[in-house]
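Chain residues, written in single-letter form:
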Amino acid sequence: LKKDIRDMEYTLNTYLDYIREQKHEPLVKITLNQLINSATYDFLDAHDVSSNLQDGDNEITCRFDMIRRTLINVIENACDHAHQVRITNKWEKEYLIVAVDDDGPGIPPNQRQVMLEPFTRGRHGRGLYGGVGVGLATSFDNMTMIGGTLSLEQSDLGGLCVRITIPRQSEN
């Protein structure tokens, strides 16, 4: 029990340090294609991850590492629980919306909000990549910190859709 508490303290402190660091990351101009390619690269050989991007050469000014880590976390979760992962986007005047859809078991609507809290794992527990339940919470906090959003919805593939709304030029 003491070891579990130490592990949780370490994880929580790491989480808090990560959030503090992200707030000071400089803004970078990058294309959507570059952003998505950097987030999906490590998954392409072992998983059915595809993207169908609208205007992928359009640029966004953002905290690149923060957004990339958020996307990696969401894609990793999808790969943990699904066979097929699809990434799409929509450009709005002030926002870029990225949707990560999968064909996994999804999350019941009445459990979605609690899944955004630290140290919460789904009913399927740890998947291929493991984790302690802080990934979605960190991703949610990242998006909130920059004036964006992260929401959990039903996917048209039958599983979960994580919808990430990123300000096109973050000043936070």
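In short, a report on the structure. All of these numbers come straight from a predicted model, not from anything done at the bench.

**Regarding the overall build of the chain**
Part 1 of the reasoning: For the chain, the count of helices and strands is 4 helices and 7 strands.
Part 2 of the reasoning: Shown N-terminal to C-terminal, the secondary structure of the chain runs as helices and strands in the order α-β-α-β-β-α-β-β-α-β-β.
Part 3 of the reasoning: Counting all 172 residues of the chain, 44% fall into the buried class.
Part 4 of the reasoning: In the chain, once contacts between residues fewer than 6 apart in sequence are set aside, the share between residues at least 24 apart is 69%.
Part 5 of the reasoning: Surface exposure of the chain reaches about 9,500 Å², of which carbon and sulfur atoms provide 48%.

**Brief notes about the pattern of salt bridges**
Part 1 of the reasoning: According to the stated counting rule, one finds 6 salt bridges in the structure shown.
Part 2 of the reasoning: Between Glu92 and Lys90 there is a salt bridge, with its nearest N and O atoms 3.7 Å apart.
Part 3 of the reasoning: A salt bridge links Arg163 to Glu153; the shortest N-O distance between them is 2.9 Å. You can see Arg163 sitting in strand S7 (residues 160-167) and its partner Glu153 sitting in strand S6 (residues 149-154), a full 10 residues away along the chain.
Part 4 of the reasoning: Residue classification places Arg163 among the partly exposed residues on the basis of a relative accessible area of 29%.

**What about unusual backbone geometry?**
Most peptide bonds take the trans configuration, and most residues that are not glycine carry a negative phi.
Part 1 of the reasoning: Although it is not a glycine, Asp55 sits at a positive phi angle of roughly 55°.
Part 2 of the reasoning: Structurally, the position occupied by Asp55 is in the loop between strand S2 (48-52) and strand S3 (59-62).

**Observations concerning the side chain of Thr70**
Part 1 of the reasoning: By the element assignment, Thr70 lies in helix H3 (residues 64-81).
Part 2 of the reasoning: The contact partners of Thr70, leaving out residues within four places of it in the chain, are Ser139, Asn142, Met143, Leu150 and Ile164.

**Considering the environment of Met66**
Part 1 of the reasoning: Structurally, Met66 can be placed in helix H3.
Part 2 of the reasoning: Here the alpha-carbon distance between Met66 and Asn142, two residues 76 residues apart in the chain, equals 6.9 Å.

**Details of the sheet that holds S2**
Part 1 of the reasoning: Strand order in the open sheet formed by 5 strands is S2-S4-S5-S7-S6, and the pairing between neighbours is mixed. Two strands bound the open sheet, and with one partner strand each, they are S2 and S6. Neighbour-to-neighbour, the strand axes of the sheet open up by a mean angle of 20°, direction not taken into account.
Part 2 of the reasoning: When strand S5 (residues 95-102) meets S7, the two strands line up antiparallel, connected through 7 bridges. Paired with Asp101 across the strands is Cys161, a residue of S7.
Part 3 of the reasoning: Sitting on the sheet, helix H2 (residues 32-40) is in contact with S2, strand S4 (84-91) and S5, with an inclination near 160° to S4.
Part 4 of the reasoning: Set on the sheet, helix H4 (residues 135-145) makes contact with S6 and S7; between it and S6 the angle comes to about 130°.

What counts and what doesn't
Residues numbered from 1 in each chain as written. Predicted model: local features only at pLDDT ≥ 70, side-chain atom pairs only at ≥ 80, totals over all residues. Heavy atoms only, no water. Helix = DSSP H or I, 4+ residues; strand = E, 2+ residues; numbered from the N terminus. Buried < 20%, exposed > 50% of the residue type's maximum accessible area, 1.4 Å probe, protein only. Contact = heavy atoms within 4.5 Å. Areas by Shrake-Rupley, 256 points an atom, 1.4 Å probe, with all protein chains shown as cover. Salt bridge = Lys/Arg side-chain N within 4 Å of Asp/Glu carboxyl O. Pairing = 2+ DSSP bridges. Axes fitted to C-alpha atoms, helices over the stretch in contact; angles between N-to-C directions.

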